[in-house]
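# Chains, contacts and geometry: an overview
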Amino acid sequence: MPSHLASPPATARQSRSAAAPKRTSLVIAILCLAGTVVALQQTMVVPLLPDFPKILNASPDNTSWLVTITLLTSAIATPIVSRLADMFGKRRMMVVAMVTMVVGSIIAAVGGTLLTLLIGRAFQGLAASLIPVGISIMRDELPREKVVSAVALMSATLGIGSALGLPLSGIIYESLGWQAIFWISAVIGVLLIIAVLAVVPESAVRTKGKFDAVGAVLLTAALTALLLAISKGGEWGWSSEPVILLFIGTVVFLAVWFPYELRVSQPMVDLRTSARRPVLLTNIASILVGFSMYANMLSTTQQLQLPNVGGYGFGLSVVIAGLCMIPSGLAMVALAPVSAMITKRHGAKATLIVGSLVLAVAYVARVFLTGEVWMVILGATAVSMGTAIAYAAMPTLIMRSVPITETASANGLNSLLRAVGTSTMSAVVGAVLTSAVVHVGPLALPTVDAFKEIFWYAAIAALLSIGVAVFIPRFQTSHGKASQGQAAGTAVPAGPGRTPSGMAGVQSYGNLSADGAPAAENAVHAADGDEIVVSGTVVGAGGQPIRQAVVNALHTNGEPADWSRADNDGRYSLVLPASGRYLVISSADGWAPSSQVLDFVDSSSTQHILLALRLTVSGIVGDGVRGLDGALVTLTKATGEFVVSTFCGPDGSYEVPLPPVGRYILTAMDSGGRCSESVHVVLTARSAVVDVVLDGAAGTGTAEAENMRAAMAGAGFGTGRH
């Protein structure tokens, strides 16, 4: 989402520099506990599904919606709540998410009907959006050395909660009844709300602007149609009319949503930033890792609960099978510091590759570890270890690649795409386990080969995620070497006597990419001092705002601070580690880049940036003696598409805005329509001068024209000379 005017003057880390270590640990503990509790909501009703039809006097098909509705609302809420967190405050939206969980739990506990439980479960699903918001709070509020390990643990809470939800809810159900599950969730939610308000500081890193309600509605419609089709396709039939219509609806809504998001000033999702190579590849890898991870979550308990028929089932109860998942949850907790260590030493890209590799090896092992209960537990635990490592890397990769004011929304999109991966694997598991069955009396039980097939699919997805992660750009130090020291993306503020060569592991942006954004990613975490949020406007020579301009701020020793993409009104905002002097580099499509050294005093600092030189294609159309007044000049792509046309002035000169880089055909025709000339030009990101001589124009002899053509060709005209 384009960064625009910042919030009222305030420092973003007013409490952090003075925060005691105990308070820091308490903030981490509360955020991670909140993440674990909301993740529990995803699987807490799974052990009850066999009994809910009798309890609620409903069909199994209808009670299955108690899981589906939570999946839908969590996926929909995550990008929306994350965007609102960037705009109105991260702690505030985290509390809102917790309140929805409490409200949903109370509705489910007191209702006693399928309808009230569905409403309650829908509210509970909204709470899942707080995990990416909590990760962004960690970036804003924790000391630099704590961020990587804290983010790793927070990322693992989704798997931890899902794994622990199965045994805990089963035990509570058997001991206290099904309503107790929801009452306990409500009580814990209230306690966590109090803890968050008392301990977690509110970040002042935010952006102002109008919420993209239209984009949110279109995205909600698209996600609802897509996830509903995926989750219910196996039950309704993949070729059934409802499923086909849902997939068609998904395509239609996305076809409207994408161009709208590119056009709106403050979009729900910044597609330009999301299309940058580090963000795009990380999100693709996230889908694949989510797909791979969820096979373990769905298949393990079913494998353990199967009756001992044909020598491969174990016949465990729901509670015992759930208890067998506890080692998986504990492994994710234990692996959080390991993943943080890999990130600090080798970078988040290496962490993602290692995690995906562990996933692939673990699933291959699961294909053969099927004979004993301990083998299944061991295989499931190994998969969870890979999941913990891979999940820990994703927020770090995302946050170092987007403006600091957009970390929550960017993490929200990443979480959403992981949910798409898990939903797809859910459909695959359902299809495979119902297609390869053995009939035992009235029962149709999945075969052991069905589980092995699922594990092979998961292993392949993990390997594909490695293939994607390999192409994520490696972060560079300011002196051009790949970072092997501290956590990739950690920026250290410039200080007296500090030089880039003495700052190991600090990243620099390097060159600008084609769209003007930094080619390397910005810091995940800035200095431990008080951050300031500054703003301004990017304007052209005539004072007009320049939309979608990219503003990149660096310390005067070359270290990155933050970058921003201006909205359609040219407004930008930057989060800087401290007040001081910064090198600000600005660029926009069709404009020559500019750089200047600016002083930012505090959050009230407003700096307007001028891009004075418009990039153009210009030249003279002549007849060999003089310029031709009123001559037509057109520019078309080499593939035939029309680009622009104009008429020459009295001296035969013309000028048109520079189009994107590529091969073009420039054509000139005299005003009388008697003759024309076309030339091939190759345009780069610099202004070009292309002069054209028209043979046979009035008053021009052939010899004169040839002489003029030769002179212009010698000077490089007519060939796209810059």
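Structural data are supplied above this passage.
Let us look at the structure shown here. (Residues numbered from 1 in each chain as written. Predicted model: local features only at pLDDT ≥ 70, side-chain atom pairs only at ≥ 80, totals over all residues. Heavy atoms only, no water.)

### Considerations on the sheet that holds strand β6 (residues 571-576)
Sheet architecture is open: 3 strands sit in the order β6-β3-β9, paired in mixed fashion. Of all strands in the sheet, those with a lone pairing partner are β6 and β9 (609-611), marking the two edges. When the angles between neighbouring strand axes are averaged without regard to direction, this sheet yields 30 degrees. Both strand β3 (residues 532-540) and β6 contribute to a ladder of 6 bridges, which runs antiparallel. Considered in β6, the bridge of Gly536 is made with Tyr572. (Pairing = 2+ DSSP bridges. Helix = DSSP H or I, 4+ residues; strand = E, 2+ residues; numbered from the N terminus. Axes fitted to C-alpha atoms, helices over the stretch in contact; angles between N-to-C directions.)

### As for the environment of Asp695
Note that Asp695 resides in the loop between β17 (692-693) and α20 (702-714). Distance in space between the C-alpha atoms of Asp695 and Cys675 is 6.9 Å, their sequence separation being 20 residues.

### Observations regarding helix α10 (residues 213-236)
The end-to-end C-alpha separation of α10 is 32 Å, in line with the 34 Å expected for 24 residues at 1.5 Å each. In α10, a bend of some 35 degrees at Ile230 exceeds every other bend along the element. Following α10 by one or two positions, Gly237 has its phi on the positive side, about 100 degrees. (Expected span 1.5 Å × (residues − 1). Bend = angle between axes of the 7 residues up to and from the residue.)

### Topic: the pattern of salt bridges
A full pass over the atoms with the stated rule returns 9 salt bridges. One salt bridge connects Asp567 with Arg571, and the closest N-O pair in it is separated by 3.1 Å. Overall, the relative accessible area of 0% leaves Asp567 in the buried class. In this structure, Asp599 engages Arg581 in a salt bridge whose closest nitrogen and oxygen atoms are separated by 3.0 Å. Residue Asp599 is located in strand β8 (residues 591-600), and its partner Arg581 is located in strand β7 (residues 580-588); the two are separated by 18 residues in the primary sequence. For Asp599, a relative accessible area of 39% puts it in the partly exposed group. (Salt bridge = Lys/Arg side-chain N within 4 Å of Asp/Glu carboxyl O. Buried < 20%, exposed > 50% of the residue type's maximum accessible area, 1.4 Å probe, protein only.)

### Things to note about the sheet that holds strand β12 (residues 642-647)
Pairing is antiparallel in the open sheet, where 4 strands are placed in the order β12-β11-β14-β15. The open sheet terminates on both sides in strands that have one partner only, identified here as β12 and β15 (676-683). With direction set aside, neighbouring strand axes in the sheet form an average angle of 20 degrees. As paired elements, strand β11 (residues 632-637) and β12 share 5 bridges and run antiparallel to each other. The residue bridging Val633 from the neighbouring strand is Thr646, located in β12.

### Examining the packing of helix α15 (residues 326-346) against helix α17 (residues 373-399)
At a minimum axis distance of 8 Å, the contact between α15 and α17 shows a crossing angle of 40 degrees. By the angle class used here, α15 and α17 are oblique. In the crossing of α15 with α17, the sense of the turn from one axis to the other is right-handed. For the pair formed by α15 and α17, the contact residues are Pro327, Ser328, Ala331, Met332, Leu335, Ser339 and Thr343 on the first element and Ile377, Ala380, Thr381, Ser384, Met385, Thr387, Ala388, Ile389, Ala392 and Thr396 on the second. (Parallel < 35°, antiparallel > 145°, perpendicular 65-115°, else oblique. Left-handed = near helix turned anticlockwise from the far one by under 90°. Contact = heavy atoms within 4.5 Å.)

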